[in-house]
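# Structural overview for review
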Amino acid sequence: MQLLQAKKVKWLLLAIAWLFIFGILILPLALVVMQALALGWRTYLTTISSLVTLQAVNLTVAATVISLLFNLVFGISAAWLLTFYDFPGKHLLNALIDLPFSVSPVIVGLIFVLTFGQTGWLAPLFTTIKVQIIFAPPAIFLTTIFVTFPFVARELIPVLAAKGREEEQTAALLGASAWQILRQITFPALKAPLATGLVLATARALGEFGAVAVVSGSIRGKTLTLSLLVQTLYNNFKFKQAFVVATILLGSTLAVVILKRRLLRE
Amino acid sequence: MQQKWQRVIPGYYFSLTLTLLGLGLIVVLPLTALLISGWQVGAPRFWHEATQQRVLASYLISIKGAAIAASVNTIFGLLLAWVLTQYTFPGKWLLDSLLDLPFALPTAVAGIALAYLFSDRGWLGRLVAPLGWQVSYTFNGIVVAMIFVTLPFVVREVQPVLAKLDPSVQEAAHTLGGSTFTILRLVVLPEILPALVAGFGLVFTRCLGEYGSIVFIAGNQPYRTEITPLLIMFKLEEHSYQGATVLALVMLVFSFIFNFIIHNWQRHLLRRKG
(Lines give C-alpha, C1' and ligand atoms only; values in the text may rest on other atoms or scores of the structure.)
Protein backbone atom coordinates (compact mmCIF):
# COMPACT_ATOMS: atom_id res chain seq x y z
CA MET A 1 0.00 0.00 0.00
CA GLN A 2 3.02 2.24 0.24
CA LEU A 3 2.81 2.90 -3.46
CA LEU A 4 -0.61 4.52 -3.09
CA GLN A 5 0.54 6.61 -0.15
CA ALA A 6 3.58 7.86 -2.09
CA LYS A 7 3.51 11.61 -2.74
CA LYS A 8 3.79 11.28 -6.51
CA VAL A 9 0.95 8.80 -6.83
CA LYS A 10 -1.23 10.87 -4.54
CA TRP A 11 -0.70 14.00 -6.61
CA LEU A 12 -1.26 12.10 -9.84
CA LEU A 13 -4.60 10.69 -8.64
CA LEU A 14 -5.60 14.09 -7.28
CA ALA A 15 -4.71 15.74 -10.57
CA ILE A 16 -6.83 13.25 -12.52
CA ALA A 17 -9.76 13.71 -10.13
CA TRP A 18 -9.68 17.51 -10.33
CA LEU A 19 -9.18 17.56 -14.09
CA PHE A 20 -12.19 15.27 -14.57
CA ILE A 21 -14.38 17.37 -12.28
CA PHE A 22 -13.13 20.57 -13.88
CA GLY A 23 -13.95 19.39 -17.39
CA ILE A 24 -17.30 17.82 -16.81
CA LEU A 25 -18.69 19.83 -13.90
CA ILE A 26 -16.99 23.18 -13.25
CA LEU A 27 -16.69 24.27 -16.89
CA PRO A 28 -20.40 23.74 -17.76
CA LEU A 29 -21.52 25.59 -14.64
CA ALA A 30 -19.11 28.46 -15.27
CA LEU A 31 -20.38 28.60 -18.84
CA VAL A 32 -23.97 29.07 -17.66
CA VAL A 33 -23.00 32.15 -15.66
CA MET A 34 -20.70 33.60 -18.34
CA GLN A 35 -23.27 33.18 -21.12
CA ALA A 36 -26.01 34.65 -18.96
CA LEU A 37 -23.98 37.77 -18.36
CA ALA A 38 -22.58 37.97 -21.89
CA LEU A 39 -25.03 40.68 -22.94
CA GLY A 40 -24.44 42.70 -19.79
CA TRP A 41 -26.28 43.26 -16.54
CA ARG A 42 -29.02 45.33 -18.06
CA THR A 43 -30.17 42.59 -20.43
CA TYR A 44 -29.78 40.09 -17.62
CA LEU A 45 -32.10 42.07 -15.36
CA THR A 46 -34.71 42.74 -18.03
CA THR A 47 -34.83 39.07 -19.02
CA ILE A 48 -35.07 37.91 -15.45
CA SER A 49 -37.84 40.35 -14.58
CA SER A 50 -39.85 39.82 -17.76
CA LEU A 51 -43.44 38.68 -17.42
CA VAL A 52 -42.82 35.26 -18.99
CA THR A 53 -39.97 34.54 -16.57
CA LEU A 54 -42.00 35.64 -13.58
CA GLN A 55 -44.93 33.49 -14.64
CA ALA A 56 -42.58 30.53 -14.98
CA VAL A 57 -41.17 31.24 -11.52
CA ASN A 58 -44.69 31.33 -10.11
CA LEU A 59 -45.69 28.03 -11.67
CA THR A 60 -42.44 26.31 -10.65
CA VAL A 61 -42.74 27.55 -7.07
CA ALA A 62 -46.40 26.48 -6.94
CA ALA A 63 -45.54 22.97 -8.18
CA THR A 64 -42.70 22.75 -5.66
CA VAL A 65 -44.80 23.92 -2.70
CA ILE A 66 -47.62 21.53 -3.57
CA SER A 67 -45.29 18.54 -3.84
CA LEU A 68 -43.59 19.52 -0.58
CA LEU A 69 -46.96 19.63 1.20
CA PHE A 70 -47.86 16.27 -0.25
CA ASN A 71 -44.47 14.87 0.74
CA LEU A 72 -44.88 16.19 4.27
CA VAL A 73 -48.28 14.60 4.85
CA PHE A 74 -47.62 11.39 2.95
CA GLY A 75 -44.08 10.96 4.30
CA ILE A 76 -45.10 11.25 7.93
CA SER A 77 -48.15 9.06 7.49
CA ALA A 78 -46.21 6.36 5.59
CA ALA A 79 -43.35 6.37 8.10
CA TRP A 80 -45.83 6.22 10.99
CA LEU A 81 -47.73 3.34 9.40
CA LEU A 82 -44.68 1.30 8.40
CA THR A 83 -42.84 1.71 11.70
CA PHE A 84 -45.56 1.48 14.33
CA TYR A 85 -47.71 -1.37 13.04
CA ASP A 86 -47.39 -4.84 11.61
CA PHE A 87 -49.87 -5.84 8.95
CA PRO A 88 -50.05 -8.10 5.91
CA GLY A 89 -48.67 -6.55 2.72
CA LYS A 90 -46.25 -4.29 4.57
CA HIS A 91 -43.29 -5.27 2.36
CA LEU A 92 -45.25 -4.65 -0.81
CA LEU A 93 -46.27 -1.22 0.43
CA ASN A 94 -42.66 -0.44 1.28
CA ALA A 95 -41.51 -1.45 -2.20
CA LEU A 96 -44.28 0.55 -3.91
CA ILE A 97 -43.13 3.75 -2.20
CA ASP A 98 -39.74 3.46 -3.94
CA LEU A 99 -41.22 2.69 -7.34
CA PRO A 100 -41.42 6.29 -8.67
CA PHE A 101 -37.62 6.58 -8.51
CA SER A 102 -37.16 3.86 -11.10
CA VAL A 103 -39.57 5.22 -13.68
CA SER A 104 -38.13 7.33 -16.49
CA PRO A 105 -39.46 10.94 -16.48
CA VAL A 106 -40.92 10.59 -19.96
CA ILE A 107 -42.81 7.47 -18.86
CA VAL A 108 -44.13 9.40 -15.85
CA GLY A 109 -45.56 11.95 -18.26
CA LEU A 110 -47.01 9.20 -20.42
CA ILE A 111 -48.84 7.43 -17.60
CA PHE A 112 -50.53 10.67 -16.57
CA VAL A 113 -51.56 11.35 -20.16
CA LEU A 114 -53.00 7.83 -20.34
CA THR A 115 -54.93 8.42 -17.13
CA PHE A 116 -56.13 11.99 -17.48
CA GLY A 117 -55.66 12.82 -21.18
CA GLN A 118 -58.36 13.25 -23.81
CA THR A 119 -58.55 9.55 -24.57
CA GLY A 120 -57.57 8.66 -21.02
CA TRP A 121 -59.17 6.49 -18.48
CA LEU A 122 -60.65 9.20 -16.34
CA ALA A 123 -61.36 11.54 -19.24
CA PRO A 124 -65.19 11.17 -19.06
CA LEU A 125 -65.17 12.12 -15.38
CA PHE A 126 -63.06 15.24 -15.83
CA THR A 127 -64.90 16.38 -18.95
CA THR A 128 -68.22 16.25 -17.10
CA ILE A 129 -66.92 18.31 -14.21
CA LYS A 130 -65.10 20.55 -16.75
CA VAL A 131 -61.67 20.34 -15.18
CA GLN A 132 -58.71 20.19 -17.50
CA ILE A 133 -55.76 18.22 -16.18
CA ILE A 134 -53.42 17.57 -19.12
CA PHE A 135 -51.88 20.67 -20.78
CA ALA A 136 -52.84 22.60 -17.65
CA PRO A 137 -51.20 23.25 -14.27
CA PRO A 138 -52.87 20.29 -12.47
CA ALA A 139 -50.91 17.82 -14.62
CA ILE A 140 -47.68 19.64 -13.77
CA PHE A 141 -48.52 19.39 -10.08
CA LEU A 142 -49.39 15.68 -10.33
CA THR A 143 -46.21 14.69 -12.21
CA THR A 144 -44.07 16.75 -9.83
CA ILE A 145 -45.66 14.95 -6.89
CA PHE A 146 -44.95 11.62 -8.60
CA VAL A 147 -41.26 12.27 -9.22
CA THR A 148 -40.69 13.54 -5.67
CA PHE A 149 -42.95 10.92 -4.12
CA PRO A 150 -40.45 8.84 -2.08
CA PHE A 151 -38.09 11.59 -0.84
CA VAL A 152 -39.46 12.37 2.63
CA ALA A 153 -40.74 8.86 3.36
CA ARG A 154 -37.29 7.44 2.47
CA GLU A 155 -35.57 9.78 4.94
CA LEU A 156 -38.11 9.28 7.75
CA ILE A 157 -38.59 5.50 7.73
CA PRO A 158 -35.04 4.43 8.73
CA VAL A 159 -34.81 7.12 11.42
CA LEU A 160 -38.14 6.20 12.92
CA ALA A 161 -37.32 2.48 12.70
CA ALA A 162 -34.04 3.07 14.55
CA LYS A 163 -35.84 5.08 17.23
CA GLY A 164 -38.30 2.25 17.89
CA ARG A 165 -41.90 2.42 19.07
CA GLU A 166 -41.52 2.07 22.85
CA GLU A 167 -41.99 5.75 23.70
CA GLU A 168 -45.08 6.01 21.53
CA GLN A 169 -46.51 2.81 23.01
CA THR A 170 -46.00 4.08 26.55
CA ALA A 171 -47.64 7.38 25.68
CA ALA A 172 -50.57 5.52 24.10
CA LEU A 173 -51.01 3.35 27.18
CA LEU A 174 -51.05 6.50 29.29
CA GLY A 175 -53.94 7.68 27.18
CA ALA A 176 -52.32 10.10 24.72
CA SER A 177 -54.12 10.70 21.44
CA ALA A 178 -52.46 10.10 18.05
CA TRP A 179 -52.10 13.84 17.51
CA GLN A 180 -50.49 14.35 20.92
CA ILE A 181 -48.04 11.51 20.28
CA LEU A 182 -47.16 12.88 16.86
CA ARG A 183 -46.67 16.45 18.06
CA GLN A 184 -44.84 15.77 21.30
CA ILE A 185 -42.87 12.56 20.76
CA THR A 186 -42.54 11.52 17.14
CA PHE A 187 -42.22 14.86 15.37
CA PRO A 188 -39.30 16.23 17.44
CA ALA A 189 -37.28 13.10 16.54
CA LEU A 190 -38.09 13.54 12.86
CA LYS A 191 -37.13 17.17 12.39
CA ALA A 192 -33.67 16.58 10.92
CA PRO A 193 -34.54 13.83 8.41
CA LEU A 194 -37.73 15.68 7.51
CA ALA A 195 -35.73 18.77 6.62
CA THR A 196 -33.27 16.72 4.55
CA GLY A 197 -36.07 14.97 2.70
CA LEU A 198 -37.85 18.23 1.96
CA VAL A 199 -34.65 19.83 0.69
CA LEU A 200 -33.99 16.91 -1.67
CA ALA A 201 -37.59 17.00 -2.88
CA THR A 202 -37.29 20.75 -3.47
CA ALA A 203 -34.28 20.25 -5.74
CA ARG A 204 -36.07 17.63 -7.78
CA ALA A 205 -39.36 19.55 -7.96
CA LEU A 206 -37.71 22.80 -9.07
CA GLY A 207 -35.87 21.12 -11.89
CA GLU A 208 -38.16 18.38 -13.15
CA PHE A 209 -38.18 18.47 -16.92
CA GLY A 210 -39.00 15.25 -18.79
CA ALA A 211 -42.24 14.39 -17.03
CA VAL A 212 -43.48 17.97 -17.08
CA ALA A 213 -42.50 18.38 -20.74
CA VAL A 214 -44.88 15.58 -21.70
CA VAL A 215 -47.94 16.85 -19.85
CA SER A 216 -47.58 20.63 -19.97
CA GLY A 217 -47.96 21.48 -23.64
CA SER A 218 -45.58 24.41 -23.01
CA ILE A 219 -48.22 27.11 -23.31
CA ARG A 220 -46.51 30.46 -22.87
CA GLY A 221 -47.56 32.26 -19.73
CA LYS A 222 -49.75 29.33 -18.68
CA THR A 223 -47.92 26.05 -18.42
CA LEU A 224 -44.25 26.97 -18.79
CA THR A 225 -42.12 26.01 -15.82
CA LEU A 226 -38.59 27.40 -15.52
CA SER A 227 -37.05 24.26 -17.06
CA LEU A 228 -39.51 24.39 -19.96
CA LEU A 229 -38.86 28.07 -20.47
CA VAL A 230 -35.14 27.31 -20.70
CA GLN A 231 -35.91 24.71 -23.35
CA THR A 232 -38.26 26.96 -25.32
CA LEU A 233 -35.74 29.81 -25.40
CA TYR A 234 -32.87 27.52 -26.34
CA ASN A 235 -34.80 25.84 -29.14
CA ASN A 236 -35.71 29.27 -30.52
CA PHE A 237 -31.99 30.13 -30.66
CA LYS A 238 -32.33 32.64 -27.83
CA PHE A 239 -29.29 31.07 -26.20
CA LYS A 240 -28.31 33.97 -23.96
CA GLN A 241 -31.81 34.35 -22.55
CA ALA A 242 -31.98 30.61 -21.96
CA PHE A 243 -28.82 30.86 -19.88
CA VAL A 244 -30.22 33.84 -17.98
CA VAL A 245 -33.25 31.79 -16.92
CA ALA A 246 -30.92 28.86 -16.19
CA THR A 247 -29.07 30.98 -13.60
CA ILE A 248 -32.26 31.13 -11.52
CA LEU A 249 -32.28 27.33 -11.41
CA LEU A 250 -28.51 27.18 -10.86
CA GLY A 251 -28.82 29.60 -7.96
CA SER A 252 -31.54 27.58 -6.30
CA THR A 253 -29.50 24.40 -6.83
CA LEU A 254 -26.53 25.95 -5.03
CA ALA A 255 -28.80 27.05 -2.19
CA VAL A 256 -30.24 23.55 -1.91
CA VAL A 257 -26.80 21.88 -1.85
CA ILE A 258 -25.50 24.27 0.80
CA LEU A 259 -28.65 23.80 2.89
CA LYS A 260 -28.36 20.02 2.65
CA ARG A 261 -24.71 20.10 3.79
CA ARG A 262 -25.67 22.30 6.74
CA LEU A 263 -28.48 19.97 7.76
CA LEU A 264 -26.34 16.86 7.53
CA ARG A 265 -23.60 18.42 9.67
CA GLU A 266 -26.03 19.24 12.49
CA MET B 1 -53.23 -11.18 20.91
CA GLN B 2 -49.77 -10.22 19.62
CA GLN B 3 -51.34 -8.26 16.74
CA LYS B 4 -53.50 -6.12 19.00
CA TRP B 5 -50.54 -5.24 21.21
CA GLN B 6 -48.57 -4.00 18.27
CA ARG B 7 -51.36 -1.64 17.29
CA VAL B 8 -51.47 -0.06 20.69
CA ILE B 9 -50.44 3.26 19.16
CA PRO B 10 -53.55 5.06 17.90
CA GLY B 11 -53.91 6.23 14.31
CA TYR B 12 -53.57 2.92 12.46
CA TYR B 13 -56.60 3.32 10.23
CA PHE B 14 -55.96 7.01 9.69
CA SER B 15 -52.34 6.55 8.56
CA LEU B 16 -53.30 3.48 6.54
CA THR B 17 -55.99 5.43 4.71
CA LEU B 18 -53.74 8.42 4.01
CA THR B 19 -50.86 6.25 2.79
CA LEU B 20 -53.02 4.05 0.58
CA LEU B 21 -54.81 7.07 -0.82
CA GLY B 22 -51.56 8.83 -1.72
CA LEU B 23 -49.98 5.71 -3.15
CA GLY B 24 -53.14 4.70 -4.99
CA LEU B 25 -53.91 8.03 -6.64
CA ILE B 26 -50.39 9.09 -7.55
CA VAL B 27 -48.55 5.84 -8.23
CA VAL B 28 -50.83 2.82 -8.62
CA LEU B 29 -53.64 4.37 -10.66
CA PRO B 30 -51.45 5.87 -13.44
CA LEU B 31 -49.25 2.78 -13.62
CA THR B 32 -52.34 0.61 -13.89
CA ALA B 33 -53.52 2.81 -16.75
CA LEU B 34 -50.23 1.99 -18.50
CA LEU B 35 -50.70 -1.75 -17.97
CA ILE B 36 -54.28 -1.66 -19.22
CA SER B 37 -53.29 0.42 -22.21
CA GLY B 38 -50.54 -2.10 -22.98
CA TRP B 39 -52.99 -4.99 -22.64
CA GLN B 40 -55.38 -3.36 -25.08
CA VAL B 41 -52.66 -3.12 -27.72
CA GLY B 42 -52.77 -6.88 -28.25
CA ALA B 43 -49.83 -9.23 -28.75
CA PRO B 44 -49.26 -8.97 -32.54
CA ARG B 45 -49.45 -5.19 -32.56
CA PHE B 46 -47.28 -5.04 -29.41
CA TRP B 47 -44.58 -7.14 -31.06
CA HIS B 48 -44.76 -5.04 -34.23
CA GLU B 49 -44.39 -1.75 -32.30
CA ALA B 50 -41.63 -3.07 -30.06
CA THR B 51 -39.45 -4.43 -32.85
CA GLN B 52 -39.52 -1.76 -35.58
CA GLN B 53 -36.08 -0.98 -36.96
CA ARG B 54 -36.05 2.55 -35.58
CA VAL B 55 -37.13 1.29 -32.16
CA LEU B 56 -34.50 -1.45 -32.07
CA ALA B 57 -31.84 1.12 -33.00
CA SER B 58 -32.97 3.32 -30.10
CA TYR B 59 -32.70 0.44 -27.58
CA LEU B 60 -29.16 -0.20 -28.76
CA ILE B 61 -28.17 3.48 -28.49
CA SER B 62 -29.67 3.78 -25.01
CA ILE B 63 -28.10 0.58 -23.71
CA LYS B 64 -24.70 1.23 -25.29
CA GLY B 65 -24.60 4.79 -23.95
CA ALA B 66 -25.69 3.71 -20.48
CA ALA B 67 -23.11 0.92 -20.40
CA ILE B 68 -20.26 3.24 -21.41
CA ALA B 69 -21.34 5.98 -19.00
CA ALA B 70 -21.72 3.47 -16.16
CA SER B 71 -18.24 2.07 -16.82
CA VAL B 72 -16.63 5.52 -16.96
CA ASN B 73 -18.40 6.63 -13.80
CA THR B 74 -17.52 3.43 -11.98
CA ILE B 75 -13.81 3.98 -12.69
CA PHE B 76 -13.82 7.71 -11.92
CA GLY B 77 -16.24 7.22 -9.03
CA LEU B 78 -13.83 4.78 -7.44
CA LEU B 79 -10.95 7.18 -8.03
CA LEU B 80 -12.88 10.11 -6.53
CA ALA B 81 -14.04 8.07 -3.54
CA TRP B 82 -10.47 6.90 -2.96
CA VAL B 83 -9.05 10.41 -3.16
CA LEU B 84 -11.76 11.76 -0.83
CA THR B 85 -11.33 9.07 1.84
CA GLN B 86 -7.62 8.21 1.79
CA TYR B 87 -5.91 11.55 1.27
CA THR B 88 -5.96 14.92 2.93
CA PHE B 89 -5.51 17.86 0.60
CA PRO B 90 -6.54 21.51 0.36
CA GLY B 91 -9.96 22.00 -1.22
CA LYS B 92 -11.22 18.56 -0.19
CA TRP B 93 -14.53 19.93 1.12
CA LEU B 94 -15.00 21.79 -2.17
CA LEU B 95 -14.53 18.63 -4.23
CA ASP B 96 -16.89 16.77 -1.94
CA SER B 97 -19.55 19.50 -2.15
CA LEU B 98 -19.21 19.90 -5.92
CA LEU B 99 -20.13 16.24 -6.28
CA ASP B 100 -23.58 17.00 -4.82
CA LEU B 101 -24.40 19.35 -7.68
CA PRO B 102 -25.36 16.92 -10.46
CA PHE B 103 -27.95 15.36 -8.12
CA ALA B 104 -29.64 18.69 -7.62
CA LEU B 105 -29.02 20.52 -10.90
CA PRO B 106 -32.09 20.64 -13.19
CA THR B 107 -31.46 18.42 -16.19
CA ALA B 108 -32.43 21.13 -18.67
CA VAL B 109 -29.70 23.39 -17.30
CA ALA B 110 -27.14 20.59 -17.53
CA GLY B 111 -28.38 19.88 -21.04
CA ILE B 112 -27.98 23.37 -22.49
CA ALA B 113 -24.67 23.93 -20.68
CA LEU B 114 -23.12 20.72 -22.04
CA ALA B 115 -24.56 21.23 -25.52
CA TYR B 116 -23.10 24.75 -25.70
CA LEU B 117 -19.80 23.75 -24.11
CA PHE B 118 -19.17 21.06 -26.72
CA SER B 119 -20.61 22.94 -29.71
CA ASP B 120 -18.39 24.61 -32.33
CA ARG B 121 -18.54 27.86 -30.34
CA GLY B 122 -18.01 26.26 -26.94
CA TRP B 123 -14.73 26.09 -25.02
CA LEU B 124 -14.38 22.32 -25.16
CA GLY B 125 -15.92 21.95 -28.60
CA ARG B 126 -13.22 24.19 -30.10
CA LEU B 127 -10.58 22.31 -28.11
CA VAL B 128 -11.44 18.83 -29.34
CA ALA B 129 -12.47 19.76 -32.91
CA PRO B 130 -8.86 19.76 -34.25
CA LEU B 131 -8.49 16.22 -32.89
CA GLY B 132 -11.36 15.21 -35.15
CA TRP B 133 -13.68 14.59 -32.20
CA GLN B 134 -17.21 15.71 -32.34
CA VAL B 135 -19.33 15.58 -29.22
CA SER B 136 -22.39 17.75 -29.73
CA TYR B 137 -25.06 16.16 -31.93
CA THR B 138 -23.31 12.76 -31.91
CA PHE B 139 -23.42 9.60 -29.82
CA ASN B 140 -20.47 10.99 -27.81
CA GLY B 141 -22.74 13.80 -26.65
CA ILE B 142 -25.25 11.30 -25.27
CA VAL B 143 -22.48 9.62 -23.28
CA VAL B 144 -21.16 12.94 -21.95
CA ALA B 145 -24.64 13.97 -20.74
CA MET B 146 -25.18 10.57 -19.14
CA ILE B 147 -21.81 10.80 -17.34
CA PHE B 148 -22.68 14.26 -16.04
CA VAL B 149 -26.07 13.47 -14.52
CA THR B 150 -24.89 10.28 -12.79
CA LEU B 151 -21.51 11.60 -11.63
CA PRO B 152 -22.13 11.24 -7.86
CA PHE B 153 -23.81 7.80 -7.82
CA VAL B 154 -20.76 5.52 -7.57
CA VAL B 155 -18.80 7.95 -5.39
CA ARG B 156 -21.59 8.13 -2.83
CA GLU B 157 -21.96 4.32 -2.79
CA VAL B 158 -18.24 3.58 -2.39
CA GLN B 159 -17.22 6.50 -0.16
CA PRO B 160 -18.73 5.22 3.13
CA VAL B 161 -17.33 1.71 2.57
CA LEU B 162 -13.82 3.00 1.86
CA ALA B 163 -14.00 5.33 4.86
CA LYS B 164 -14.75 2.39 7.14
CA LEU B 165 -11.97 0.23 5.70
CA ASP B 166 -9.69 -0.95 8.49
CA PRO B 167 -6.14 0.23 7.68
CA SER B 168 -4.61 -2.37 10.02
CA VAL B 169 -5.72 -5.19 7.69
CA GLN B 170 -3.92 -3.53 4.78
CA GLU B 171 -0.86 -2.98 6.99
CA ALA B 172 -0.88 -6.63 8.04
CA ALA B 173 -1.09 -7.71 4.41
CA HIS B 174 1.79 -5.38 3.65
CA THR B 175 3.90 -6.79 6.51
CA LEU B 176 3.24 -10.26 5.15
CA GLY B 177 4.88 -9.17 1.93
CA GLY B 178 1.88 -8.40 -0.28
CA SER B 179 2.52 -5.99 -3.12
CA THR B 180 0.27 -2.97 -3.54
CA PHE B 181 -1.71 -4.58 -6.34
CA THR B 182 -2.10 -7.88 -4.51
CA ILE B 183 -3.44 -6.05 -1.47
CA LEU B 184 -5.80 -3.95 -3.61
CA ARG B 185 -7.08 -7.05 -5.37
CA LEU B 186 -7.39 -9.39 -2.41
CA VAL B 187 -8.10 -7.06 0.51
CA VAL B 188 -9.65 -3.83 -0.74
CA LEU B 189 -11.59 -4.95 -3.82
CA PRO B 190 -13.75 -7.62 -2.11
CA GLU B 191 -14.78 -5.01 0.45
CA ILE B 192 -15.90 -2.40 -2.05
CA LEU B 193 -17.18 -4.64 -4.85
CA PRO B 194 -20.80 -4.77 -3.60
CA ALA B 195 -20.88 -0.97 -3.47
CA LEU B 196 -19.31 -0.73 -6.93
CA VAL B 197 -21.90 -3.11 -8.35
CA ALA B 198 -24.74 -1.19 -6.71
CA GLY B 199 -23.33 2.09 -8.02
CA PHE B 200 -22.96 0.70 -11.54
CA GLY B 201 -26.57 -0.48 -11.42
CA LEU B 202 -27.86 2.91 -10.25
CA VAL B 203 -25.96 4.74 -12.98
CA PHE B 204 -27.08 2.35 -15.70
CA THR B 205 -30.77 2.53 -14.78
CA ARG B 206 -30.76 6.30 -14.45
CA CYS B 207 -28.98 6.66 -17.82
CA LEU B 208 -31.54 4.48 -19.58
CA GLY B 209 -34.37 6.72 -18.43
CA GLU B 210 -32.55 10.04 -18.70
CA TYR B 211 -34.13 12.54 -21.06
CA GLY B 212 -33.68 16.21 -20.15
CA SER B 213 -29.92 16.55 -20.31
CA ILE B 214 -29.58 14.38 -23.43
CA VAL B 215 -32.07 15.95 -25.85
CA PHE B 216 -30.13 19.20 -26.11
CA ILE B 217 -26.78 17.62 -26.95
CA ALA B 218 -27.79 14.50 -28.87
CA GLY B 219 -29.03 15.95 -32.16
CA ASN B 220 -31.84 13.38 -32.02
CA GLN B 221 -31.40 11.75 -35.41
CA PRO B 222 -33.30 8.48 -35.91
CA TYR B 223 -31.05 5.39 -36.00
CA ARG B 224 -28.01 7.41 -34.87
CA THR B 225 -28.62 9.56 -31.82
CA GLU B 226 -32.20 8.84 -30.84
CA ILE B 227 -32.58 7.35 -27.36
CA THR B 228 -35.68 5.37 -26.40
CA PRO B 229 -37.21 8.02 -24.04
CA LEU B 230 -36.99 10.54 -26.90
CA LEU B 231 -38.75 8.12 -29.23
CA ILE B 232 -41.54 7.81 -26.65
CA MET B 233 -41.79 11.60 -26.72
CA PHE B 234 -42.08 11.60 -30.54
CA LYS B 235 -44.75 8.91 -30.46
CA LEU B 236 -46.72 11.04 -28.00
CA GLU B 237 -46.41 14.11 -30.18
CA GLU B 238 -47.77 12.06 -33.09
CA HIS B 239 -50.62 10.93 -30.80
CA SER B 240 -49.47 7.34 -31.20
CA TYR B 241 -50.35 6.41 -27.63
CA GLN B 242 -50.12 2.70 -28.36
CA GLY B 243 -46.58 3.02 -29.68
CA ALA B 244 -45.55 5.09 -26.65
CA THR B 245 -47.17 2.59 -24.28
CA VAL B 246 -45.35 -0.35 -25.85
CA LEU B 247 -41.94 1.34 -25.63
CA ALA B 248 -42.59 2.41 -22.04
CA LEU B 249 -43.52 -1.14 -21.03
CA VAL B 250 -40.46 -2.60 -22.75
CA MET B 251 -38.24 -0.08 -20.94
CA LEU B 252 -39.87 -0.71 -17.56
CA VAL B 253 -39.64 -4.49 -17.86
CA PHE B 254 -36.03 -4.28 -19.01
CA SER B 255 -34.97 -2.09 -16.10
CA PHE B 256 -36.83 -4.29 -13.59
CA ILE B 257 -35.01 -7.37 -14.86
CA PHE B 258 -31.72 -5.50 -14.83
CA ASN B 259 -32.30 -4.22 -11.28
CA PHE B 260 -33.27 -7.69 -10.14
CA ILE B 261 -29.99 -9.13 -11.47
CA ILE B 262 -27.91 -6.32 -9.94
CA HIS B 263 -29.71 -6.66 -6.61
CA ASN B 264 -29.10 -10.42 -6.44
CA TRP B 265 -25.49 -10.10 -7.54
CA GLN B 266 -24.91 -7.51 -4.82
CA ARG B 267 -26.55 -9.76 -2.21
CA HIS B 268 -24.41 -12.67 -3.34
CA LEU B 269 -21.25 -10.54 -2.98
CA LEU B 270 -22.28 -9.28 0.45
CA ARG B 271 -23.00 -12.82 1.65
CA ARG B 272 -19.61 -14.04 0.40
CA LYS B 273 -17.96 -11.15 2.20
CA GLY B 274 -19.74 -12.29 5.34
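Please read these numbers as outputs of a predicted model, since none were measured by experiment.

Cut-offs applied
Residues numbered from 1 in each chain as written. Chains lettered and ligands numbered in written order. Predicted model: local features only at pLDDT ≥ 70, side-chain atom pairs only at ≥ 80, totals over all residues. Helix = DSSP H or I, 4+ residues; strand = E, 2+ residues; numbered from the N terminus. Buried ≥ 20, exposed ≤ 12 C-beta atoms within 10 Å, placed from the backbone. Contact = placed C-beta atoms within 7 Å. UniProt positions renumbered as here; feature names shortened; annotations may be inferred. Nonpolar A, V, L, I, M, F, W, Y, C, P; charged D, E, K, R; others polar. Axes fitted to C-alpha atoms, helices over the stretch in contact; angles between N-to-C directions. Parallel < 35°, antiparallel > 145°, perpendicular 65-115°, else oblique. Left-handed = near helix turned anticlockwise from the far one by under 90°.

## Examining the overall build of chain B
- When its secondary structure is counted, chain B shows 15 helices and 0 strands.
- Summarising its shape, the C-alpha atoms of chain B cover approximately 75 × 65 × 35 Å along the three principal directions.
- Within the span of chain B, comprising 274 residues, buried residues form 45% of the whole.
- Excluding contacts between residues fewer than 6 apart, the proportion of contacts in chain B whose partners are at least 24 apart in sequence is 79%.

## Observations concerning helix α13 (residues 226-235) of chain A
- Here α13 of chain A lies mainly inside the structure; 8 of its 10 residues are buried.
- Of all the residues in α13 of chain A, the buried ones are Leu-226, Ser-227, Leu-228, Leu-229, Val-230, Gln-231, Leu-233 and Tyr-234 of chain A.
- Its buried side turned inward, α13 of chain A meets α4 (51-84), α11 (178-207), α12 (210-216) and α14 (239-265) of chain A together with α7 (107-117) and α13 (212-218) of chain B.

## Focus on the UniProt feature "domain: ABC transmembrane type-1" (unreviewed entry) in chain A
- In this structure's numbering, the residues bearing the UniProt feature "domain: ABC transmembrane type-1" (unreviewed entry) are residues 57-260 of chain A.
- Across residues 57-260 of chain A one finds 77% helix and 0% strand; the C-alpha atoms that close the span lie 22 Å apart.

## Concerning the UniProt feature "transmembrane region" (unreviewed entry) in chain B
Residues and elements named next belong to chain B.
- According to UniProt, the "transmembrane region" (unreviewed entry) feature falls on residues 12-36, 56-85, 97-117, 137-155, 183-204 and 241-262.
- A helix fraction of 100% and a strand fraction of 0% characterise residues 56-85, whose end C-alpha atoms lie 42 Å from each other.
- Within residues 183-204, the helical portion is 100% and the strand portion 0%, while the C-alpha atoms at the span's ends are 29 Å from each other.

## Considerations on the interface of chain B and chain A
- Listed per partner, the contact involves 72 residues of chain B and 78 residues of chain A.
- Ranked by residues supplied to the side of chain B that touches chain A, first place goes to helix α2 (residues 12-41) of chain B with 16 residues.
- Residues that form the side of chain B that touches chain A fall into these classes: 53 nonpolar, 17 polar and 2 charged.

## Concerning the packing of α4 of chain A against helix α8 (residues 137-148) of chain A
Residues and elements named next belong to chain A.
- Running from amino to carboxyl end, α4 crosses α8 at an angle of 50 degrees, the nearest separation of the two axes being 9 Å. By the angle class used here, α4 and α8 are oblique. Seen from above, α4 lies across α8 with right-handed handedness. Every residue of α8 that contacts α4 at Leu-59, Ala-63, Ile-66, Ser-67, Phe-70 and Asn-71 is listed here: Pro-137, Ile-140, Phe-141, Thr-144, Ile-145 and Thr-148.
- Looking at the contact of α4 with α8, its residues break down into 8 nonpolar, 4 polar and no charged.

## Describing unusual backbone geometry
Residue and element names in this part refer to chain A.
- One non-glycine residue, Phe-135, lies in the positive phi region at around 60 degrees.
- Tracing the backbone through its elements, the reader meets Phe-135 in the loop between α7 (123-128) and α8.
- Of note in this structure, Phe-237 is not a glycine but carries a positive phi near 65 degrees.
- Inspection of the secondary structure assignment puts Phe-237 in the loop between α13 and α14.

## Focus: the packing of α14 of chain A against α7 of chain B
- Taken N-terminus to C-terminus, the directions of α14 of chain A and α7 of chain B make an angle of 135 degrees; their axes are 10 Å apart at the nearest point. In terms of their interaxial angle, α14 of chain A and α7 of chain B are classed as oblique. Crossing angle aside, the handedness with which α14 of chain A passes α7 of chain B is left-handed. The segment α14 of chain A lies against α7 of chain B, with Phe-239, Ala-242, Phe-243, Ala-246, Leu-249 and Leu-250 of chain A engaging Val-109, Ile-112 and Tyr-116 of chain B.
- Partitioning the contact of α14 of chain A with α7 of chain B into residue classes produces 9 nonpolar, no polar and no charged.

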